[in-house]
Amino acid sequence: MADFPKLMVLSEKFRGTIFQLKEDTVSVGRNEQRDICIKDPSLSSYHCDFVHTEEGYFICDRDSTNGTRLNNVPLNPEEMYPLKNSDLLQLGSVEVMFEYDDGSAPSGSRTETGIDLTGTQTGMSTVKDFSNLSPFASTQSKSEARNRKLTLAAICGAGALVAVLLIWVVVKVINNLFMS
């Protein structure tokens, strides 16, 4: 009998972590209520599902913020995509490899996977939205932040003007007292 399929994390922070897919449906996300919890801020709390059917194993993105990729192809949310041995998945910015020996290949064979990065732009990320990286991140937009700064500057300017006028009035009153 074949072993359970596995997800092997390739990303540096969690490299080497292996998760076995022992159930027919396995949920993945940042939330501890998921069957597989990966505490990476680029994952949604409910990121995707791995589903086992009679036809094989599938992945389904659950409308995650930063998306899911299968062999570098973005997945449409809520659609099932078939998986095969050595498929590379990107869940947010976490890369994992799907490993499954279904017993159909001869036991002496081995699959080697190489990644050609020669045509890849460095410094690029497929993560669309970094605003969910911190639970303390600001939810205001750039225009709201700019408006808040302008309002604060106007209040400080008005306060300074009132202080100058108050000093001028005090000086005038003191001069009138001593001049009369």
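One can find the structure itself at the top, above this paragraph.
Attention in this report is confined to the structure presented alongside it. Here the structure is a predicted model, which means the values were calculated and not measured.

Next up on the list: the overall build of the chain. Helix and strand content of the chain: one helix and eleven strands. Seen in sequence order, the chain has helices and strands lined up from the N terminus as β-β-β-β-β-β-β-β-β-β-β-α. With 180 residues in all, the chain has 26% of them scored as buried. Of the contacts formed within the chain by residues at least 6 apart in sequence, a portion of 41% connects residues at least 24 apart. Carbon together with sulfur atoms contributes 56% to the accessible area of the chain, which is approximately 12,800 Å² in total.

Next up on the list: the nonpolar core. In terms of nonpolar packing, the biggest core is built from 22 residues, with V28, F50, I59, L83, L89 and L91 touching the most fellow members. Of all the secondary-structure elements, those providing two or more residues to this core are strand 1 (6–9), strand 3 (25–29), strand 5 (48–53), strand 6 (56–61), strand 10 (87–91) and strand 11 (94–99). If you tally residues by element for this core, the top one is strand 11, at three residues. Apart from residues no more than four positions distant in its own chain, L83 is found in contact with F50, Y57, F58, I59, L70, L89 and F98.

Right, let's get into the sheet that holds strand 2 (residues 18–20). Overall, antiparallel pairing links the six strands, which are arranged 2-1-11-10-7-8 in an open sheet. Every other strand in the sheet has two partners, leaving strand 2 and strand 8 (73–74) as the edge strands with one partner each. As paired elements, strand 1 and strand 11 share four bridges and run antiparallel to each other. Within strand 11, the residue paired with M8 across the bridge is M97.

Our next topic: the side chain of S64. Relative to the helices and strands, S64 resides in the loop between strand 6 and strand 7 (68–70). One polar contact links the side chain of S64 to the main-chain amide nitrogen of G67, over a distance of 3.1 Å.

On to the pairing of strand 11, then. Pairing of strand 10 with strand 11, which is carried by five bridges, proceeds in the antiparallel orientation. Residue L88 lies in a different strand from strand 11, and its bridge partner there is M97. Between strand 10 and strand 11, which pair antiparallel one after the other, the connecting turn spans two residues, and G92 there sits at a positive phi close to 65°.

Conventions adopted
- Residues numbered from 1 in each chain as written.
- Predicted model: local features only at pLDDT ≥ 70, side-chain atom pairs only at ≥ 80, totals over all residues.
- Heavy atoms only, no water.
- Helix = DSSP H or I, 4+ residues; strand = E, 2+ residues; numbered from the N terminus.
- Buried < 20%, exposed > 50% of the residue type's maximum accessible area, 1.4 Å probe, protein only.
- Contact = heavy atoms within 4.5 Å.
- Areas by Shrake-Rupley, 256 points an atom, 1.4 Å probe, with all protein chains shown as cover.
- Core = buried A, V, L, I, M, F, W, Y, C linked by side-chain atoms within 4.5 Å.
- Pairing = 2+ DSSP bridges.
- Polar contact = N/O pair within 3.5 Å; in protein donor to acceptor, adjacent residues only side chain to side chain.

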